Amino acid sequence: MRPFQFVRPTTLQGAVEAAGDAPGAAFIGGGTCLVDLMKLDVQSPPVVIDVHALGSGDVVTDTKDGLRIDARARNSDVADHPLVKRRYPVLSEALLAGASPQLRNMATVGGNLMQRTRCAYFRDVGVGPCNKRSAGSGCAARDGWSRMHAVVGGSAQCIAVNPSDMCVALLALDAVVYTRRRLDTRAIAMNDLHLLPGDQPERETVLEPGELITHVLLPPSSFAVRSGYVKVRDRASYAFALTSAAAALDLHADGHIVAARVAMGGVGTKPWRCPEVEQALIGQHASLPVFTRAAALALADARVTPDNAFKVPLGRRTIVRALDRAAGAAG
Ligand SMILES: Cc1cc2nc3c(=O)[nH]c(=O)nc-3n(C[C@H](O)[C@H](O)[C@H](O)COP(=O)(O)OP(=O)(O)OC[C@H]3O[C@@H](n4cnc5c(N)ncnc54)[C@H](O)[C@@H]3O)c2cc1C
Ligand code: SF4
């Protein structure tokens, strides 16, 4: 690990000024992603800005616009919060499906939103070229081991998967991410936060250098309460998704579907929304045959490798299970 300056501002203004004054500075939440990458020499920010002293009090608050979750909130605190569990169960389930209890006790919402890919070639500076780590150097995963890699959203330059479980739930919930940079604030729809790799895989989100995530807003909705998350992985816990799905349903009293949200993890270079599946569900009676027919429309544009072709049928089956779980939720 290279030497760096560590600062702990106590005001939002102090944090964004510290970032604005230091090119390459990085905010740090729990450090469960950033510190690993610094030790591996993948990232070497000259200044690390700790966000924990930026406020006090409740990190989850009920507002007239929806549930406000502070970017500093620990993943475990959000997962266990009574309002999250009752109104947005898919978020609680997605958070609890991620990492381990110890990691969730450290990791923050801001850090989870911005966590980097787990592509082995990205994380190991000694094994091969990586366009994300070093622009224009090549992509070792293209002809290498790609079992965990993306089947949608990839480019010739990068097929690394976005690893977050939480982001999949936030996408299904139409969450909005709020940021601050110097004196400017902005609201970013969850679907617009992450970028496809295209020709610039090193650029993963729309955030500008020095832009701090301050909070996330979960808008009130008719479907969030009847929602669920299903994750398929190599081990029952402490493993990243092979495929995952977040589903939410607004059901009429007679059982037909008024509105649906479906998003996938483990398959895309960004958390992957499935509007084609959502459209196919509307007006239908909630049932396994209907879920199966709609899920078959997902991942139609998949581009697979021999290693990861299994993700297409597995991903569709994961959607069916998530929809079934959502339909069975208390509502
Ligand atoms: C062994 C292991 C297993 C894991 N398994 C899973 C899993 O199954 N599912 C899953 O989803 N995740 C998993 N993770 C990843 C884990 O969820 C992330 O490491 C964690 O969410 C990152 O949060 P953090 O607060 O520690 O981020 P940090 O490491 O502090 O920061 C991560 C990135 O976010 C930036 N950042 C932090 N806060 C802000 C902010 N407020 N505004 C702007 N940028 C910010 C940092 O600069 C950095 O680039 C695993 C991690 C490990 C180490
Ligand atoms: S898939 Fe992306 S992150 Fe992985 S080696 Fe290729 S360029 Fe790097």
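This text follows the structure it describes.
Residues numbered from 1 in each chain as written. Chains lettered and ligands numbered in written order. Predicted model: local features only at pLDDT ≥ 70, side-chain atom pairs only at ≥ 80, totals over all residues. Heavy atoms only, no water.

## A look at the overall build of the protein
Right, so step 1: The number of helices and strands found in the protein is 13 helices and 12 strands.
Right, so step 2: For the protein, the C-alpha radius of gyration of 19 Å lies close to 20 Å, the compact-globule estimate for 331 residues.
Right, so step 3: Principal-axis analysis of the C-alpha atoms places the extent of the protein at approximately 60 × 50 × 35 Å.
Right, so step 4: Within the protein, contacts between residues separated by at least 24 positions form 64% of all contacts whose residues are at least 6 apart in sequence.
Right, so step 5: Summed over its atoms, the accessible surface of the protein is roughly 14,500 Å², and 52% of this surface lies on carbon and sulfur atoms.
Right, so step 6: Each charge class in the protein was averaged separately, 37 positive and 31 negative side chains, and the resulting centres sit 3 Å apart. (Helix = DSSP H or I, 4+ residues; strand = E, 2+ residues; numbered from the N terminus. Rg over C-alpha atoms; globule rule 2.2 N^0.38 Å. Contact = heavy atoms within 4.5 Å. Areas by Shrake-Rupley, 256 points an atom, 1.4 Å probe, with all protein chains shown as cover. Lys, Arg positive; Asp, Glu negative; His and termini not counted. Charge placed at Lys NZ, Arg CZ, Asp CG, Glu CD.)

## Re the sheet that holds strand β10 (residues 243-251)
Right, so step 1: Judged by pairing direction, the sheet is antiparallel, and its 4 strands sit side by side in the order β9-β10-β11-β12 without closing on themselves. This sheet does not close on itself; its edge strands, each paired only once, are β9 (227-232) and β12 (272-273).
Right, so step 2: Where β10 and strand β11 (residues 257-265) come together, 8 bridges link them in antiparallel fashion. Of the residues in β11, the one forming a bridge with S244 is G265.
Right, so step 3: Together, β9, β10 and β11 form the strand contacts of helix α13 (residues 311-328), whose direction differs from that of β10 by roughly 35 degrees. (Pairing = 2+ DSSP bridges. Axes fitted to C-alpha atoms, helices over the stretch in contact; angles between N-to-C directions.)

## Topic: a nonpolar patch on the surface
Right, so step 1: A grouping of M1, F4 and F6 is seen on the molecular surface, where their side chains present a nonpolar patch of about 310 Å² in accessible area.
Right, so step 2: Following the sequence through the fold, M1 ends up in the segment before β1 (5-7).
Right, so step 3: By relative accessible area, M1 is classed as exposed at 53%. (Patch = residues over 30% accessible without salt bridge, like charges linked within 9 Å, V, L, I, M, F, W, Y side chains within 5 Å. Salt bridge = Lys/Arg side-chain N within 4 Å of Asp/Glu carboxyl O. Buried < 20%, exposed > 50% of the residue type's maximum accessible area, 1.4 Å probe, protein only.)

## Side note on the site of ligand 2
Right, so step 1: Around ligand 2, the surrounding shell holds 15 residues, and the nearest of these are C119, C130, C139, Q157 and C158.
Right, so step 2: Counted by class, the shell around ligand 2 contains 11 nonpolar, 3 polar and 1 charged residues. (Near = heavy atom within 4 Å. Nonpolar A, V, L, I, M, F, W, Y, C, P; charged D, E, K, R; others polar.)

## Observations concerning helix α1 (residues 12-20)
Right, so step 1: Listed as buried for α1 are A15, V16 and A19. End-on view of α1: buried residues confined to an arc of 90 degrees, all on one side of the axis. (Arc of directions from axis to C-beta.)

## Overview of the site of ligand 1
Right, so step 1: For ligand 1, the set of nearby residues contains 33 residues, the closest of which are F27, G29, G30, T32 and T108.
Right, so step 2: In the model, an oxygen atom of ligand 1 is placed 2.6 Å from a nitrogen or oxygen of the T108 side chain.
Right, so step 3: One of the side-chain N or O atoms of Q115 is found 3.4 Å from a nitrogen atom in ligand 1.
Right, so step 4: Across the complex, the protein chains shield 93% of the 980 Å² of accessible surface that ligand 1 would expose by itself.
Right, so step 5: Among the secondary structure elements, those contributing two or more residues to the shell around ligand 1 are β2 (26-28), α2 (34-39), α7 (109-113) and β8 (212-218).
Right, so step 6: Along the lines of polarity and charge, the residues of the shell around ligand 1 split into 16 nonpolar, 12 polar and 5 charged. (Polar contact = N/O pair within 3.5 Å; in protein donor to acceptor, adjacent residues only side chain to side chain.)

## Quick look at unusual backbone geometry
Right, so step 1: One non-glycine residue, D174, adopts positive backbone phi at about 55 degrees.
Right, so step 2: Along the chain, D174 turns up in the loop between α9 (166-172) and β6 (176-181).
Right, so step 3: The exposure class of D174 is partly exposed, given its relative accessible area of 27%.
Right, so step 4: Even without glycine at this site, Y238 takes up a positive phi of about 60 degrees.
Right, so step 5: Along the polypeptide, Y238 turns up in the loop between β9 and β10.

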